[in-house]
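# Analysis of the macromolecular model
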Amino acid sequence: MLKHVLSQAKTVAIGGHIRPDGDCLGSCMALYQYIKKCFPQVQVDLYLEKAPECFDMFEGIKEICHEIKEEKAYDLFVALDCADSGRLGFSEILFQKAHKTFCVDHHISNPSYADENYIVPEASSTAELVYRLLDKEKIDTEIAEFLYLGIAHDTGIFQYSSTAPETMEAAAFLMRKKVRANEIIDKTYYQKTYEQNKVLGKALQDSVLLLDGKCIASWITKKDMSFFNVGPKDLEGIVSQLRVTKDTEVAIFIYELGEQEYKISLRANGKVNVSEVASYFGGGGHIKAAGLTMCGDIQDILNQLTAQIRKQL
Ligand code: 5GP
Ligand code: MN
């Protein structure tokens, strides 16, 4: 499939979703390195917003373009881990201008918006899907590390229900390529700065139970962020900690983006499909992990979200 979409393409752009996470960065970097190494006649560029500092252990990410220098029409644009073209952010214009588009993704909310689509909602990660597309003999240590990163992150370190036997087989294959498995997991997933842990503490301390204890919610305002000297990138992981609260079905974590504008992360434990809840308000994601942006005040947002969640309980 990859050979087919790449045939006739002399110039290729790759893009992923805004605020890139481990799977977005890993799948994009893996494909970028693979095309560079295996298709030297193709000119390939990768467009992504700057990733959190914990990913600085990967030298290769220095090649990522964080802005568009020239709005050219690429022969092919490959969108990875991105549920809709709007979420490509600054690279969306290149997607629109490209002669051909291809999307590889595992979000259930993805409407197959590209010319060609490889969308598998059950797949653990976009990185696992990219792995399936690559010629296995051509995967070197660097490519393997990025694929491992993506799979490890989107499975919550091989923990979520999307972790299939095939996922573990892919991870085993990649480990044999001598990836820094333990270091990748520790440095990019578990390690937190002192400030990140403090703000996690604040969010847990201030959390509230809603819907008879079936839902847990917490929020961090801009004022809190400046008090703890953290930014949005430092809040990753808070919603996962809320989710493991016993007897809850849904975790809601909210942080302030701007005046009356909030980013919301939703996580579910099985009964509720949070992709449906997020999609109802214009967001999207997976059945057990979804996100959206909403306007209004926090109380109002919580009321609207819990009204939708209640319908499924
Ligand atoms: P997170 O809560 O970690 O930001 O996102 C959870 C999942 O939902 C991710 O797979 C992410 O791509 C998706 N997601 C988060 N925010 C949005 C959004 O605003 N729109 C859509 N379509 N998906 C989102
Ligand atoms: Mn993903």
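Everything numeric here is computed off the predicted structure, so don't read it as measured data.

Another aspect to go through is the site of ligand 1. In the vicinity of ligand 1, 14 residues are found, and the nearest of them are R87, H107, K263, S265 and R267. R87 has a polar side-chain atom sitting 3.2 Å from an oxygen atom of ligand 1. R267 is positioned with one of its side-chain polar atoms (N or O) 2.8 Å from an oxygen atom of ligand 1. If you list the elements that add at least two residues to the shell around ligand 1, you get β9 (261-268), β10 (284-285) and β11 (289-295). With four residues, β11 is the single largest residue contributor to the shell around ligand 1. Split by residue class, the shell around ligand 1 holds three nonpolar, seven polar and four charged.

Further remarks concern the environment of P52. Structurally, P52 can be placed in the loop between β2 (43-47) and β3 (76-80). For P52, a relative accessible area of 16% puts it in the buried group. The residues contacting P52, other than those within four sequence positions of it, are P20 and K233.

Between the first and last C-alpha of helix α2 (residues 22-38) there are 23 Å, a value that for 17 residues agrees with the 24 Å anticipated at 1.5 Å per step. Buried residues dominate α2, accounting for 14 of its 17 residues.

Once that is clear, we can look at the coordination of the manganese ion (ligand 2). Those donors, D23 (OD), D81 (OD), H106 (NE2) and D154 (OD), are the protein atoms that reach the manganese ion (ligand 2), and they lie 2.2 to 2.4 Å from it. Of note, the manganese ion (ligand 2) draws all its donor residues from one chain, in the sequence arrangement D-x57-D-x24-H-x47-D. Of this pair, D81 sits in the loop between β3 and α3 (92-97) while H106 sits in the loop between β4 (100-105) and β5 (116-119), placing them 25 residues apart in sequence. Of the two residues examined, D81 and H106, each falls in the buried class.

Let's shift gears to the sheet that holds β2. Pairing in this open sheet of five strands is parallel, and the strands run β2-β1-β3-β4-β5 from one edge to the other. Each having just a single partner strand, β2 and β5 make up the two edges of the open sheet. Each neighbouring strand pair of the sheet contributes to a mean axis angle of 15°, computed without reference to strand direction. With five bridges joining them, strand β1 (residues 11-16) and β2 adopt parallel strand pairing.

Entries for the protein in the domain assignment read domain 1 (2-190) and domain 2 (196-312). Each of domain 1 and domain 2 has a C-alpha centre, and the two are 26 Å apart. Listed by partner, the interface residues are 12 residues for domain 1 and 14 residues for domain 2. Taken over both partners, the interface formed by domain 1 and domain 2 buries close to 910 Å², and the fraction arising from carbon and sulfur atoms is 48%. Looking only at domain 1, the three residues that lose the most surface to domain 2 are R19, I108 and S109, adding up to 44% of its buried area. Taken together, the links from domain 1 to domain 2 amount to zero salt bridges. For the pair domain 1 and domain 2, the number of links is seven residue pairs in polar contact (both at pLDDT 80 or more). Grouping the constituent residues of the side of domain 1 that touches domain 2 by class yields four nonpolar, five polar and three charged.

Here is what the cut-offs are and how they apply
Residues numbered from 1 in each chain as written. Chains lettered and ligands numbered in written order. Predicted model: local features only at pLDDT ≥ 70, side-chain atom pairs only at ≥ 80, totals over all residues. Heavy atoms only, no water. Near = heavy atom within 4 Å. Polar contact = N/O pair within 3.5 Å; in protein donor to acceptor, adjacent residues only side chain to side chain. Helix = DSSP H or I, 4+ residues; strand = E, 2+ residues; numbered from the N terminus. Nonpolar A, V, L, I, M, F, W, Y, C, P; charged D, E, K, R; others polar. Buried < 20%, exposed > 50% of the residue type's maximum accessible area, 1.4 Å probe, protein only. Contact = heavy atoms within 4.5 Å. Expected span 1.5 Å × (residues − 1). Donors = N, O, S within 2.8 Å, 3.2 Å for Na, K, Ca; no water. Pairing = 2+ DSSP bridges. Axes fitted to C-alpha atoms, helices over the stretch in contact; angles between N-to-C directions. Domains from an automatic or database assignment. Buried area = accessible area lost by both parts, 1.4 Å probe. Salt bridge = Lys/Arg side-chain N within 4 Å of Asp/Glu carboxyl O.

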